[in-house]
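# Secondary and tertiary structure notes
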Amino acid sequence: MIEIVNLTKSFGSSEVIRGVDLSVKQGEVLVIIGPSGSGKSTLLRCINVLEIPTGGRLTVGGSSLEFQERRKPKPSQLLEIRRKTGMVFQAYHLFPHRTVLQNVMEGPVTVQKKKKGEARAAAMTLLQKVGLEQKADSYPHSLSGGQQQRVSIARAMAMDPDVLLFDEPTSALDPELVGEVLKVIKQLAVEGMTMVIVTHEMKFAREVADRVILLADGVIVEEGPPEQLFSRPKHERTVQFLSLTY
Ligand code: ADP
Ligand code: MG
């Protein structure tokens, strides 16, 4: 579903992603952990080309792009990849003047040109899935942070992406609201959604991941199934990181 070959991303003279090779199978859940500033968000943003990589090759859901420092891809090529992915951010970015239902319908109606009735029915099904059908006509400000984040998951799903990307989806939430969001993500995993999740929730990572990678200084230091990476890490860098967080 995702294939990344020798991906690099520089900001000016600083190379933040330094040659990453990675593939994610259909239905697989990949969790990315690593210290702050190691390039986790940048890597995620490269996968949906919110950041344009400076080198390497990226394939998402059958669409491929080859990147070179001085050759910008066409907007249509970027759009093709972006539409295969849905992104859930740390802060939920809902439209404040639209109801929950309108937030979830917005993309399908304006971008995918779906009929309103159809989009509404699909949105209601997704709101049921995240346990918020009774909030369909509420406005975002009246919801808790956990509820807003569940709406943004429903909104990302509404575009029917091949892959869902999460960038620290619970780190802006009060601790008592974290569980309800993780529960929704776990349910998506059970249903076979392909997901790449950046998180600091190590217990959650252990439960939901098929595979975990530790990113440090823009390279993959270690990669493996969660039980191996968390219980029997092979690299000193991983031991050190886990000792600080886990
Ligand atoms: P993480 O998500 O692991 O904390 P980031 O991907 O956000 O790390 O950042 C990795 C490095 O790239 C940091 O040093 C950060 O300052 C730098 N960086 C990220 N985005 C930009 C940008 N738009 N311009 C310049 N530097 C950036
Ligand atoms: Mg980040």
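Each chain has its residues counted from 1, following the order in which its sequence is written. Chains and ligands are labelled by the order in which they are written, letters from A for the one and numbers from 1 for the other. At least 70 in pLDDT is required for a residue's local features to be given in this predicted model, at least 80 for side-chain atom pairs to be given and counted, and no such filter applies to totals for whole chains, interfaces and linings, which use all residues. Note: side-chain values were computed over all heavy atoms of the structure, leaving out hydrogens and water.

### Some remarks on the site of ligand 1
Put simply, the rule is: Only heavy atoms are used to decide nearness, and a residue is near a molecule or strand if one of them lies within 4 Å of it. The residue classification treats Ala, Val, Leu, Ile, Met, Phe, Trp, Tyr, Cys and Pro as nonpolar and Asp, Glu, Lys and Arg as charged. All others, Gly included, are polar.
If you check the shell around ligand 1, you find Phe11, Val16, Pro35, Ser36, Gly37, Ser38, Gly39, Lys40, Ser41 and Thr42 and nothing else. In terms of residue class, the shell around ligand 1 is built from 3 nonpolar, 6 polar and 1 charged.

### Digging into the UniProt feature "domain: ABC transporter" (unreviewed entry) in the protein chain
Short version of the rule: UniProt positions are given in the numbering used here, feature names are shortened, and annotations may be inferred rather than shown by experiment. Here a helix means four or more residues in a row that DSSP labels H or I, a strand means two or more in a row labelled E, and each is numbered from the N terminus.
Mapped onto the present numbering, the UniProt feature "domain: ABC transporter" (unreviewed entry) falls at residues 2–242. Helix and strand shares over residues 2–242 are 38% and 26% respectively, and the end C-alpha atoms of the span are 27 Å apart.

### Description of the packing of helix α3 (residues 100–110) against helix α5 (residues 145–158)
This is how it is decided: Here the axes come from fitting lines to C-alpha atoms, over the contacting stretch only for helices, and the angles between their N-to-C directions go from 0 to 180 degrees. Between 65 and 115 degrees an angle is taken as roughly perpendicular, under 35 as roughly parallel, over 145 as roughly antiparallel, and anywhere else as oblique. Should the near helix be turned counterclockwise from the far one by less than a right angle, the crossing is left-handed, whereas a clockwise turn marks it as right-handed. What makes two residues a contact is simply this: any of their non-hydrogen atoms within 4.5 Å.
Contact geometry for α3 and α5: axes closest at 8 Å, N-to-C directions at 25 degrees. Here α3 is positioned roughly parallel relative to α5, judged by the angle of their axes. In terms of crossing hand, the pair formed by α3 and α5 is right-handed. Touching Val100, Asn103, Val104 and Pro108 of α3 are Val151, Ala154, Arg155 and Ala158, all from α5. Of the residues in the contact of α3 with α5, the class split is 6 nonpolar, 1 polar and 1 charged.

### A short note on the side chain of Thr99
Secondary-structure assignment places Thr99 in the loop between β6 (85–88) and α3. Apart from residues lying up to four places away in sequence, Thr99 is in contact with Ala136, Asp137, Ser138 and Tyr139.

### A few points about the sheet that holds strand β3 (residues 29–33)
Within a sheet, adjacent strands bond to each other through the backbone by hydrogen bonds, running parallel or antiparallel. Just so we agree on the cut-off: DSSP calls a pair of strands paired once it identifies at least 2 bridges connecting them.
Spatially, the 6 strands line up as an open sheet ordered β6-β7-β8-β3-β9-β10, and their pairing is mixed. Each edge of the sheet is formed by a strand with only one pairing partner; in this case those strands are β6 and β10 (219–224). Strand-to-strand, the axes of this sheet are offset by a mean angle of 20 degrees, without reference to chain direction. As paired strands, β6 and strand β7 (residues 163–167) are joined by 4 bridges and run parallel to one another.

### Here's the deal with the packing of aromatic side chains
Note the following rule: What counts as a ring pair is set by centres within 6.5 Å for rings of Phe, Tyr and Trp (its six-membered ring), and what kind of pair is set by the plane angle: stacked under 30 degrees, edge-to-face over 60, tilted for all other angles. Here, over-ring charges are defined by two tests on the NZ atom of lysine or the CZ atom of arginine: distance to the ring centre within 6 Å, and angle to the ring normal within 35 degrees.
Applying the stated criterion across every chain, the model contains 0 aromatic pairs. Seen from the ring of Phe95, Arg98 lies directly overhead, with NZ or CZ sitting 5.4 Å from the centre. Taking the ring centre of Phe95 as reference, the NZ or CZ of Arg155 above it sits at 5.7 Å.

### Things to note about the environment of Leu50
Inspection of the secondary structure assignment puts Leu50 in the loop between α1 (40–47) and β4 (55–60). Excluding residues that lie within four positions of it along the chain, Leu50 makes contacts with Arg45, Arg82, Met87 and Phe89.

### Digging into the pattern of salt bridges
As a reminder, the rule being used: One side-chain nitrogen of Lys or Arg within 4 Å of one carboxyl oxygen of Asp or Glu is enough to make a salt bridge. Remark: exposure states derive from per-residue accessible area (1.4 Å probe, protein chains only) relative to the maximum for the residue type, with buried under 20%, exposed over 50%, and partly exposed in between.
All told, the structure shown has 10 salt bridges when counted by the stated rule. Residues Arg57 and Glu66 are paired through a salt bridge, measuring 2.4 Å at the closest nitrogen-oxygen approach. What makes Glu66 partly exposed here is its relative accessible area of 41%. The salt bridge partner of Lys203 is Glu207, with a shortest N-O separation of 3.2 Å.

### What about the sheet that holds strand β5 (residues 63–67)?
Pairing within the open sheet is antiparallel, and its 4 strands lie in the order β2-β1-β4-β5. Only two strands of the sheet have a single neighbouring strand rather than two, namely β2 (14–24) and β5. Within the sheet, the average angular offset between the axes of one strand and its neighbour, ignoring direction, is 20 degrees. Here strand β1 (residues 2–11) pairs with β4 via 5 bridges, running antiparallel. Within β4, the residue paired with Glu3 across the bridge is Thr59. Each of β1, β2 and β4 is contacted by α1, which is oriented at about 120 degrees to β1, the strand it contacts most.

### Considerations on the nonpolar core
Quick reminder of the rule: Within this scheme, the nonpolar core is defined by two criteria: the residues are buried Ala, Val, Leu, Ile, Met, Phe, Trp, Tyr or Cys, and they are joined through side-chain atoms within 4.5 Å.
Within the largest apolar cluster, 49 residues are counted, with the highest numbers of intra-cluster contacts made by Ile33, Leu127, Ile153, Phe166, Ile185, Met195 and Ile197. For this core, the leading source of residues is helix α6 (residues 175–190), giving 8 residues. Here Ile185 is in contact with Ile153, Phe166, Pro169, Met195, Ile197 and Phe204, once residues within four sequence places are set aside.

### Details of the confidence of the model for the protein chain
Low pLDDT means the predicted atomic positions in that stretch should not be read closely. Note the threshold: A residue's pLDDT is simply how confident the predictor is in it, with values from 0 to 100.
On average, residues of the protein chain score 96 in pLDDT, and 100% of them are at 70 or above. At the level of chain-chain contacts, confidence expressed as ipTM amounts to 0.98, with global pTM at 0.96.

### Quick notes on helix α4 (residues 116–129)
We count it as follows: One less than the residue count of a helix, multiplied by 1.5 Å, gives the span that helix is expected to have. Each C-beta atom gives one direction from the helix axis, and the arc is the one those directions make.
Taking 1.5 Å per residue, 14 residues should reach 20 Å; α4 reaches 20 Å between its end C-alpha atoms and fits that length. Buried residues of α4: Ala119, Ala123, Leu126 and Leu127, and no others. Down the axis of α4, the buried set is contained in an arc of 100 degrees. They therefore lie on one face. Residues of α4 that are buried make contact with α3 and α5.

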